[in-house]
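# Analysis of the macromolecular model
Take a look at the letters that make up each chain.
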Amino acid sequence: MTFRINLNGKETTLDIDGDMPLLWAIRDIIGLTGTKYGCGIAQCGACTVHVDGEPTRSCQLTVEDAVGTKITTIEGVNGKVAETAQTVWAELDVPQCGYCQSGQVLAAVALLSQNTKPTDENIDEAMAGNLCRCATYHRIRAGIHEAARRLEA
Amino acid sequence: MLHQIEKFAEQSKTVPAAAIDSVISNASRRGVLKGLGGFVLALHLLPAGRAGAFPAYETFGPGMPNGVVNDPHIFVAIAPDGEVTIIAHRSEMGTGSRTTLPMVIADEMEADWDRVTVKQAEGDEPKYGNQDTDGSRSLRHHIQPAREIGAAMRHMLKQAAAKQWGVKIDEVEAVGHQVIHKSLGSRVGYGDLAEAAMALKTPPRDVLQFKDEKEFRYIGKGTVPIVDLHDITTGKAVYGSDVRLPGTRVAVIARPPVVGATIKSIDDSAAKAIAGVETIMHLPITPLGSKFKPLGGVAVIAENTWAAIQGRDALKIEWDRGEHGTFETRAYEAELRASTAEPGTSVRNQGNADAALKDAAKVLTYEYYQPHMAHAPMEPPTALANYADGKCEIWAPVQSPYVARTDTAEYLGMDAKDVTVNVTLLGGAFGRKSKADFATEAAFLAKQVGGPVRVQWTREDDIRHSYYHTSSVERIDIGLDSDKRVTAWRHRSAAPSFLSTFTEDKGVQHEIEIGMGLENLPYEISNVSAEQCPAFAHTRVGWFRSVSNIPRAFAVQSATAELAHELGRDQKEFLLEIIGPPRILDAKTAGLPGKFWNQYEPEKEFPFETGRLSGVVRLVAQKAGWGKSLPKGEALGIAAHRSFVSYIAMVVHAKVEKGIVRVPEVHVAVDCGFAANPERVRSQMQGACVFGMTAALYSGISFDNGEVQESNFHDYEMVRADNFPELVHTYIVPHSFEVHATGVGEPGVPPFAPALANAIFNATGRRIRNLPIGDQLKA
């Protein structure tokens, strides 16, 4: 079957099984590898993308269900919030191995887009779905607060 | 191939394999920049280096397979435009060594870090020296060679400039990416010296001038971010499953549910019917003791990952579970407990602990249990391999690329020179990716297919087919006399050894495992014995971040706090008292048959100094405000442990509410000798606390009918952003270079669980002796 999806602002035609999770279509068919596989059951958040601005586990959304939405991956995320978050991530030297960070950044950008002054509790709630085994949670939390401060200024 | 190389070339700090050689062969001589009056040097003008600033010291680095290489011709290339390329030969799994070691070279050679590109070495130990990235030894073994490489390169650049100007080498100085001659007013950039400098022989160490510590630009400052930072935050960083070759097929494998299980029957018709599935291939089954050989099984090879996963899941296989098919966790725990109830084989015998226990007025017996654990790095095992014209090329996130190369060559019946292993970034590893069975699987299938195959492990595969952290019972018997003085300490350990992964299982532990906290109790007690008791493996056992130090620190540091409580003493005061006065542990006095294992490091350079252990205990207690009053249900707990020749003490602040454990704050004191990159020391301590909390609260792999019962993050849980050690304060004991750098990737983990358990006891009166904590406090 053929499906047209909107990925990073571009209309893309995919000739695949509509049941394929968006994660694998993005990685294997479209060839963008910033979106990571970690668990396949929405337990780790490594595959987080934005679907119409909402942080979404791409391992749980089929290509068929993604039709008609606007999908943004780490490669396509832009704008003031994203740039600020990415800048702060770099300044705080957040990543260790870095594998989960695409998902962490996208989850943080979604949070900051919806809540300009997140509290620790807001951050915990928004970020609890994104696992980091190296354990960069401290710096992620600090990074979100710092990005919020800069965006307000 | 080209596609892949382009992919690598996109990385800001990574260049393709061929680039270094071409940079050098394309080097052209350009005019010397000299006497440019208007040119202002932006960098400070301290001449770098003096003789004797850095005396050589011995480490076990040269004793590792293929030793240590310290030749700038191998590790450094300088392009005509002055761009410097430095080889990282250690794997990057999040500790930062891929940044820190090249940074050390750059600093010592007076290169400007902004003009340095880091290139990852392929697996080639005869060329680069040992590449096993584990044992917390990247800095311990390689900071000295890195300084030698940098100083030698600087010397060669100065030699080349001096020759150009017809002056003596001691008239010139290397400063900020150029060599200058002050009185002539001449200067020449590194790019213009590259060809002449690289044509020189590597100078011997005794002519090298090393920097004084005050001259370091980057070393010890903690100001250099990791080289992959930008790529990571923008999704461009390349991990194991991100390398693409045209026509790559994806394999997902059904592995035996019990190690060594064989196939009774298979029906692959449903798998073959799935769109995109192309081929089904069998890999030979291997028994326990097959080192890093693939487990074997049935591979479904498909056009894409999704089809391969579906195909694999559609296989109907009936297994003959074989000799380990009755392995069951609860029964095994009982077996380990029974094993420690009997005398084992002595590994340390100081005084006569058995007699002292017999004579004791009171004997306290404590048993601590820990089940198997899986590493569960965020990136599950994965590798790409290609096979063409009798050669095999692998791209994989491996901790030991040369072992991956030689093991794979052996498995395929090939010569190692026909196998290449390229190292991608590692999406976490924690010891799992030292064992490159997944890379060998990919190579085997690529050879069968005759083209590129990527093997993708699902998370379920990763949890069910790991090289598990040992499960153990540690039993400690303590004798007290009638005055409540400690007269005996007997520690028995029953834990299946990782030796069982390499060879026939004799039920005994390796000297490495014994050396990690069993034989080297640093307490001042007259009668101390340590025994290992038989324990046989029924699954693949392998090292896991911090290895046997985890159960040993948990047992010893929990027992110490239990003893303090029994004696009505403060945990911290008693810990300091039982460590005793500052001294160097002596193996003979301690009743060892030989030397301490000591990470194989020479005791002359890396002795066990009890004063440094007490030092971190005092430091952390003072910083944490030990003794301060806290609300009901909250308390501090303390633990200290030396591992990887580093000394670490922790104070954990625990808060227990309705059986749920929270950790508002952790204080960590680290004595790791000279800290080359304090920023990454702090990040490793933050990481160790979260990793340690996951292990303490959740991690337990259980077996039934020989099969792992857990499968993914819903039942093998991790600490998350809504409950993690919220504040981690790290205090690094300051040392000059004279106190050798030790290691920080692992030693932060072992003290966490006992410090937490001790805090929980102080908060609730409940003593945790079995890990993980799980729901124990809810009952």
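Here the structure is a predicted model, which is why all the values come from computation and not from measurement.

Reading the values: the criteria
- Residues numbered from 1 in each chain as written.
- Chains lettered and ligands numbered in written order.
- Predicted model: local features only at pLDDT ≥ 70, side-chain atom pairs only at ≥ 80, totals over all residues.
- Heavy atoms only, no water.
- Helix = DSSP H or I, 4+ residues; strand = E, 2+ residues; numbered from the N terminus.
- Expected span 1.5 Å × (residues − 1).
- Buried < 20%, exposed > 50% of the residue type's maximum accessible area, 1.4 Å probe, protein only.
- Salt bridge = Lys/Arg side-chain N within 4 Å of Asp/Glu carboxyl O.
- Disulfide = S-S within 2.5 Å.
- Domains from an automatic or database assignment.
- Buried area = accessible area lost by both parts, 1.4 Å probe.
- 1 Å grid on protein atoms, 1.4 Å probe; cavity = no way out; pocket = protein on both sides within 12 Å on 5 of 7 lines; lining within 4 Å.
- Points joined across faces, edges and corners; volume = space filled by probe spheres on them.
- Nonpolar A, V, L, I, M, F, W, Y, C, P; charged D, E, K, R; others polar.
- Contact = heavy atoms within 4.5 Å.
- Polar contact = N/O pair within 3.5 Å; in protein donor to acceptor, adjacent residues only side chain to side chain.

### Thoughts on helix α13 (residues 401-412) of chain B
Residue and element names in this part refer to chain B. Relative to the 16 Å expected for 12 residues at 1.5 Å per residue, α13 spans 16 Å between its end C-alpha atoms, a close match to the ideal helical length. Counting buried positions along α13 yields 10 of 12 residues, so the element is predominantly enclosed. For α13, every residue scored as buried is listed here: P401, Y402, V403, A404, R405, D407, T408, A409, Y411 and L412.

### Regarding the pattern of salt bridges
Residues and elements named next belong to chain B. By the definition in use, this model includes 61 salt bridges over all chains. The residue R147 makes a salt bridge to E108 at a minimum N-O spacing of 2.8 Å. Of this pair, R147 sits in helix α6 (residues 138-165) while E108 sits in helix α4 (residues 97-108); the two residues are 39 residues apart in sequence, bridging distant segments of the chain. Both residues of the pair, R147 and E108, count as buried. Through salt bridges with shared partners, a single network forms among R255, R312, D313, E441 and D461.

### Considering the state of the cysteines
Under the criterion given, the structure shown has 0 disulfides over all chains. C97 of chain A supplies the cysteine sulfur nearest to C134 of chain A, a cysteine that is in no disulfide, at a spacing of 3.7 Å.

### A closer look at the domain arrangement of chain A
Quoted interface sizes are often the accessible area lost when the parts come together. Residues and elements named next belong to chain A. Each assigned domain of chain A is listed here: domain 1 (2-72) and domain 2 (80-152). Taking the mean C-alpha position of each, domain 1 and domain 2 sit 21 Å from one another. For the pair domain 1 and domain 2, the two sides together bury roughly 1000 Å², of which 52% comes from carbon and sulfur. Applying the counting criterion to the domain 1 and domain 2 interface returns 0 salt bridges. Among the elements of the structure, β3 (48-51) and β4 (54-57) are those that each provide at least two residues to the side of domain 1 that touches domain 2.

### Describing the layout of surface pockets
Estimated volume of the second largest pocket: approximately 600 Å³. Mapped by element, the contributors of at least two residues to the lining of the second largest pocket are α1 (22-30) of chain A together with β9 (249-254), α10 (305-314), β13 (316-320), α15 (459-464) and β27 (707-708) of chain B. Here the lining of the second largest pocket takes 4 residues from α10 of chain B, the largest share from any one element. A per-class count over the lining of the second largest pocket returns 15 nonpolar, 5 polar and 8 charged.

### Quick notes on the domain arrangement of chain B
Residue and element names in this part refer to chain B. Partitioning chain B into structural domains gives domain 1 (17-233), domain 2 (244-323 + 381-456) and domain 3 (329-373 + 467-778). Inter-centroid distance (C-alpha atoms) of domain 1 to domain 3 is 40 Å. Listed as interface residues are 27 residues of domain 1 and, on the opposing side, 28 residues of domain 3. With both sides pooled, the region where domain 1 packs onto domain 3 buries about 2200 Å², and carbon together with sulfur makes up 58% of that total. Its largest share of buried area at the contact with domain 3, domain 1 owes to Y57, S136 and R140, together 28% of the area lost on that side. For the pair domain 1 and domain 3, the number of links is 10 residue pairs in polar contact (both at pLDDT 80 or more). If you list the elements that add at least two residues to the side of domain 1 that touches domain 3, you get α4 and α6. Per-element tally for the side of domain 1 that touches domain 3: the top contributor is α6, with 5 residues. Grouping the amino acids of the side of domain 1 that touches domain 3 by side-chain chemistry returns 11 nonpolar, 10 polar and 6 charged.

### Considering the interface of chain B and chain A
Between chain B and chain A, the residue contacts involve 62 residues of the former and 44 residues of the latter. Of the roughly 4400 Å² buried at the junction of chain B and chain A (both faces included), carbon and sulfur atoms supply 55%. The interface formed by chain B and chain A contains 7 salt bridges. Joining chain B to chain A, the criterion identifies 27 residue pairs in polar contact (both at pLDDT 80 or more). With 10 residues, the single largest contributor to the side of chain B that touches chain A is helix α21 (residues 678-697) of chain B. Partitioned by chemical class, the residues of the side of chain B that touches chain A number 29 nonpolar, 20 polar and 13 charged.

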